[in-house]
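# Overview (structure and organization)
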Amino acid sequence: RLTSASLIAMAVTSFDGQFSFKQDSLARLGPRERSSMNSDQQKAFQNSPFMQGVRKCEDLCFKFTCSRDEERAKRDPSFKPDDEDFNAPKAHTFERGVN
């Protein structure tokens, strides 16, 4: 039988899964050491098929984001995205007790 206290605990646990994953990895594997690569290794890594795939994904994501924004701008004349939007003051205060 679930009580209201167990439901609250379940919600908190599922809400912050990424933090829990990082904590679990740290507990199981220990702290990760940052490996340092020399310039030749760094250059080889940047030219590897993996990093070429990463850049391709990033370029594709940027292309899709731009096309999405263009379509929205056509439908909504008030839509004018700007990087400063992330620095704008909050529209309302965050209330922890409200979903």
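The structure presented is a predicted model; accordingly, all values stated were derived computationally and were not measured.

This part covers the overall build of the chain. Counting its regular elements, the chain contains 4 helices and 0 strands. Taken from N to C terminus, the helices and strands of the chain fall in the order α-α-α-α. Taking all 99 residues of the chain together, 5% fall into the buried category. Put simply, the chain shows about 10000 Å² of open surface, and 58% of that area lies on carbon and sulfur atoms.

Moving on to the packing of aromatic side chains. Taken as a whole, this structure holds 1 aromatic pair when the rule is applied. Between Phe-45 and Phe-50, the aromatic rings sit 6.2 Å apart at their centres with planes inclined by 35°, giving tilted as the arrangement. The exposed category is assigned to Phe-50, whose relative accessible area is 54%.

Counting across every chain of the model gives 3 salt bridges. Among the salt bridges present, the one from Lys-74 reaches Glu-71, with a minimum N-O distance of 3.5 Å. A residue pair is termed a helical-turn pair when its members lie 3 or 4 positions apart in one helix, as Lys-74 and Glu-71 do in helix α4 (residues 49-75) at 3 residues. The residue Arg-72 makes a salt bridge to Asp-76 at a minimum N-O spacing of 3.8 Å. For Arg-72, a relative accessible area of 39% corresponds to the partly exposed category. Look at Asp-76 and you get partly exposed, because its relative accessible area is 24%.

For the rest of this paragraph, the subject is the confidence of the model for the chain. Model confidence for the chain is summarised by a mean pLDDT of 81, while 82% of its residues fall at 70 or above. No element of the chain has a lower mean pLDDT than helix α1 (residues 4-15), at 52, and none a higher one than α4, at 94.

So, about the state of the cysteines. Taken as a whole and judged by the stated rule, the model has 0 disulfides. Residue Cys-61 stays outside any disulfide, its sulfur separated by 8.9 Å from that of Cys-57, the closest cysteine. Looking at Cys-61, the relative accessible area reads 49%, which means it is partly exposed. Unpaired in terms of disulfides, Cys-66 finds its nearest cysteine sulfur in Cys-61, a separation of 9.4 Å. For Cys-66, a relative accessible area of 28% puts it in the partly exposed group.

So, about the environment of Asn-38. Structurally, Asn-38 is set in the loop between α2 (17-29) and α3 (39-46). Here the side chain of Asn-38 touches Asp-40 through a polar contact of 3.1 Å, landing on its backbone nitrogen. In terms of polar contacts, Asn-38 uses its side chain to reach the backbone amide nitrogen of Gln-41, at 2.8 Å.

Reading guide: rules and limits
- Residues numbered from 1 in each chain as written.
- Predicted model: local features only at pLDDT ≥ 70, side-chain atom pairs only at ≥ 80, totals over all residues.
- Heavy atoms only, no water.
- Helix = DSSP H or I, 4+ residues; strand = E, 2+ residues; numbered from the N terminus.
- Buried < 20%, exposed > 50% of the residue type's maximum accessible area, 1.4 Å probe, protein only.
- Areas by Shrake-Rupley, 256 points an atom, 1.4 Å probe, with all protein chains shown as cover.
- Phe/Tyr/Trp six-rings, centres within 6.5 Å; stacked < 30°, edge-to-face > 60°.
- Salt bridge = Lys/Arg side-chain N within 4 Å of Asp/Glu carboxyl O.
- pLDDT = per-residue confidence, 0-100.
- Disulfide = S-S within 2.5 Å.
- Polar contact = N/O pair within 3.5 Å; in protein donor to acceptor, adjacent residues only side chain to side chain.

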